[in-house]
Amino acid sequence: MRKESGPTGRCPDIDITPYPIEEPGQSRLRLFQVLITLLPAALAIPLFLCAGPIYALLALSVAAVSFMVAGYYIGRIARANEQKCKLDLQLIQSQKLAAIGELSSGIAHEINNPLAIIGQEVEWMKHLMKEAGCGSNTPVGGMSEFNDSLIEIGRQVDRCREITHKLLDFARKKEPLIQAVDMNRLIEDMAKLVEKEARQRNVLIERNYQADLPLVRTDPPLLRQVVLNLLNNANWAIEDRGVITISTMRAGKNAVEFMVSDTGCGIPPENLDKIFDPFFTTKPPGKGTGLGLSICHGIISKLGGSISVDSEVGKGTTFTVHLPAETTKGNN
Amino acid sequence: MSEFRVLIVDDEIDFLETLVKRLKKRKLDAVGVASGEKALDILDRERFDVVILDVRMPGLDGIETLKEIKRRTPLTEVIMLTGHASVESGMQGMQSGAFDYVIKPAGIDDLIEKLNQARERKLLHEERIRSDRKVP
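Details of the sheet that holds strand 3 (residues 50-54) of chain B
Residues and elements named next belong to chain B.
1) Next: Pairing is parallel across the open sheet formed by five strands, whose spatial order is 2-1-3-4-5. Every other strand in the sheet has two partners, leaving strand 2 (29-33) and strand 5 (100-103) as the edge strands with one partner each. The average undirected angle you get between the axes of adjacent strands in this sheet is 20°.
2) Next: Across four bridges, the pairing between strand 1 (residues 5-9) and strand 3 is parallel. Opposite V9, over in strand 3, you have L53 as the bridge partner.
3) Next: Contacts from helix 2 (residues 36-45) reach strand 1, strand 2 and strand 3 within the one sheet, and its direction differs from that of strand 1 by about 155°.

So this is what it looks like as structure tokens:
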């Protein structure tokens, strides 16, 4: 992802603001802990006066125990809350993507038909021009400019068509076809494809493959698309000279992970939660549709996995993809 | 199970003929044609499981041929073969429904493994369509 300052200003910014996430209410929980400790502790004084020091000590130790027990449970509640917040955010993200996907595929569909008609009319006009003897090879008077205009219209129609097709692709609910995949090999194949171009720009690719990775049951061409996209982004994030590191590893018993890191420009924090949104791009107009990462996100969720990003401006970016393995011993 | 039929499309005739020979030796029913147009032609008349498609060809190039194949017979799996790696065309190819993208020269064992995987995918696809029809 090439960083470019300033607004992108090409596509309508569809902003679906997530509902505010409830604060964990940590301070209220802490107050509860103090209260539950103070109660037996306060009892210690009248107990000391009425029943002697042993009962007071007993009350104090009850206070100490309740302090610790309450602290333990409050910690757990806080952690659960944090996890819930994270899941909520993920849910919002995927709901948002689904909503935008639906909307944009609807628009793409509507625009496709008039686009096809414009394209046809252009072809027809070219044909008429040729018949009238002023085709592209015979520049008669002002006709050559006319011809250039027609060609340009055709070119722009093609450009629009490319975008609408990508959008329709993005939203198409194609069920994955599951095959056994050697992840290291799949990734290495794509790395080789990127390596030549990377080397020309003084970008090295470092491999960190875990050798005994279980076979992953997933959709190979879809996964290739994701890997290639991430590698291409990593390559373009580096201006000149840098390293792309690809790692694969087991993640627990039934999952694998792969990471693509670059030493490139990094992504500013304010963009970090937008990079999976369709149409979000920092490339200049015409250079990218801003659909690459949202397609990746869509594919990985379809494959039952998750994708996340970590980035620091000036240092680089790491994408991590987590995939269920459904370990199958032996070959396909 | 019917025979495994592979169509190879490449404008470099020497490469094409050698590859056809080598695949035939491995008991694959391989046929070679020298252009995208010829590929579409023969695909209209005959059934193939997997197509190996060169990216850079005069006339209809690899990506255009791929799109047309996927439009006419979506179940045919296509492996793109390229002499010089271009990431842009790789991404385009994968997005347009290619099964894999392989850089020349590819080892014959590697290629055959990929062919088998592509064919497995086609069979899975056909199976799914059959079972979908049964359920309605």
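Describing the interface of chain B and chain A
1) Next: Each partner contributes to the interface: chain B provides 26 residues, whereas chain A provides 27 residues.
2) Next: For the pairing of chain B and chain A, the buried interface totals around 2400 Å² over both sides, and the portion due to carbon and sulfur atoms is 50%.
3) Next: Broken down residue by residue, the surface that chain B buries against chain A is led by V87, Q95 and R121 of chain B, which jointly contribute 28%.
4) Next: At the junction of chain B and chain A, the tally comes to five salt bridges.
5) Next: Here chain B and chain A share 10 residue pairs in polar contact (both at pLDDT 80 or more) between them.
6) Next: Take the side of chain B that touches chain A: its biggest share by element is nine residues, from helix 5 (residues 108-134) of chain B.
7) Next: Looking at the side of chain B that touches chain A residue by residue, the classes come out as nine nonpolar, eight polar and nine charged.

Remarks on the packing of aromatic side chains
1) Next: Inspection of the entire model under this criterion finds two aromatic pairs over all chains.
2) Next: Measuring from centroid to centroid gives 5.1 Å for Y72 of chain A and Y73 of chain A, while their planes differ by 75°, and the two rings are edge-to-face.
3) Next: Since its relative accessible area comes to 46%, Y73 of chain A is described here as partly exposed.
4) Next: Aromatic side chains F276 of chain A and F319 of chain A sit 6.3 Å apart centroid to centroid with 80° between the ring planes, which places their arrangement in the edge-to-face category. Remark: F319 of chain A occurs in strand 7 (residues 316-324) and F276 of chain A occurs in the loop between helix 6 (269-272) and helix 7 (292-302); sequence separation between them is 43 residues.
5) Next: Residue F276 of chain A is classed as buried on the basis of its relative accessible area, which comes to 6%.
6) Next: Judged by relative accessible area, F319 of chain A falls into the buried class, the value being 4%.
7) Next: Taking NZ or CZ as reference, K104 of chain B lies 4.5 Å from the ring centre of F15 of chain B, over its face.

Describing the pattern of salt bridges
Any two side chains of opposite charge can pair, on the condition that their charged atoms come close.
1) Next: Tallying each qualifying case throughout the model produces 28 salt bridges over all chains.
2) Next: What you see here is one network of salt bridges that share partners, running through E188, E195, R199 and R207 of chain A.

So, the domain arrangement of chain A
All names here are of chain A.
1) Next: If you check the domain split of chain A, you get domain 1 (24-94), domain 2 (97-171) and domain 3 (179-329).
2) Next: Taking the mean C-alpha position of each, domain 2 and domain 3 sit 34 Å from one another.
3) Next: Taken together, the eight residues of domain 2 in the interface contact 10 residues of domain 3.
4) Next: In this assembly, domain 2 packs against domain 3 so that about 800 Å² is buried in total across both faces, 84% of it on carbon and sulfur atoms.
5) Next: For the pair domain 2 and domain 3, the interface holds zero salt bridges.
6) Next: On inspection of domain 2 and its partner domain 3, the count reaches zero residue pairs in polar contact (both at pLDDT 80 or more).
7) Next: Listing elements by their share of the side of domain 2 that touches domain 3, those giving two or more residues are helix 2 (53-131) and helix 3 (143-171).
8) Next: In terms of residues, the side of domain 2 that touches domain 3 owes the most to one element, helix 3, which gives five residues.

What counts and what doesn't
- Every chain begins its residue count from 1, and numbering advances along the sequence as written.
- The naming scheme follows written order: chains are lettered A onward, ligands numbered 1 onward.
- Residue-level local features of this predicted model are given only where pLDDT is at least 70; pairs of side-chain atoms are given and counted only at 80 or more, and the full residue set underlies all totals for whole chains, interfaces and linings.
- Derived side-chain values reflect all non-hydrogen atoms in the structure, with water molecules and hydrogen atoms excluded from consideration.
- Here a strand pair is declared whenever DSSP counts at least two bridges between the two strands.
- The secondary structure listing takes helices from DSSP runs of H or I that are at least 4 residues long and strands from runs of E that are at least 2 residues long, numbered from the N terminus.
- A fitted line through C-alpha atoms represents every axis, and for helices the fit uses only the stretch in contact; the resulting angles, taken between N-to-C directions, go from 0 to 180 degrees.
- Here, residues are in contact when the closest pair of their heavy atoms is within 4.5 Å.
- As used here, buried area is the combined drop in accessible area, with a 1.4 Å probe, of two parts when they are placed together.
- A pairing counts as a salt bridge when a side-chain nitrogen of Lys or Arg comes within 4 Å of a carboxyl oxygen of Asp or Glu.
- Whenever two N or O atoms come within 3.5 Å, that pair is a polar contact, provided that in protein one can donate a hydrogen and the other can accept it, and provided that, for residues adjacent in sequence, both atoms are side-chain atoms.
- Ten residue types, Ala, Val, Leu, Ile, Met, Phe, Trp, Tyr, Cys and Pro, are classed as nonpolar, four, Asp, Glu, Lys and Arg, as charged, and the remainder, Gly among them, as polar.
- To pair, rings of Phe, Tyr and Trp, with the six-membered ring standing in for Trp, must have centres within 6.5 Å; the planes then decide the type, stacked if under 30 degrees apart, edge-to-face if over 60, and tilted in the middle.
- Note on exposure labels: buried denotes an accessible area under 20% of the residue type's maximum, exposed denotes more than 50%, and partly exposed covers the range between, all computed with a 1.4 Å probe on protein chains only.
- Only when the NZ of Lys or the CZ of Arg is both within 6 Å of the ring centre and within 35 degrees of the ring normal is a charge said to sit over the ring.
- Where a domain begins and ends is set by an automatic assignment or by a domain database.

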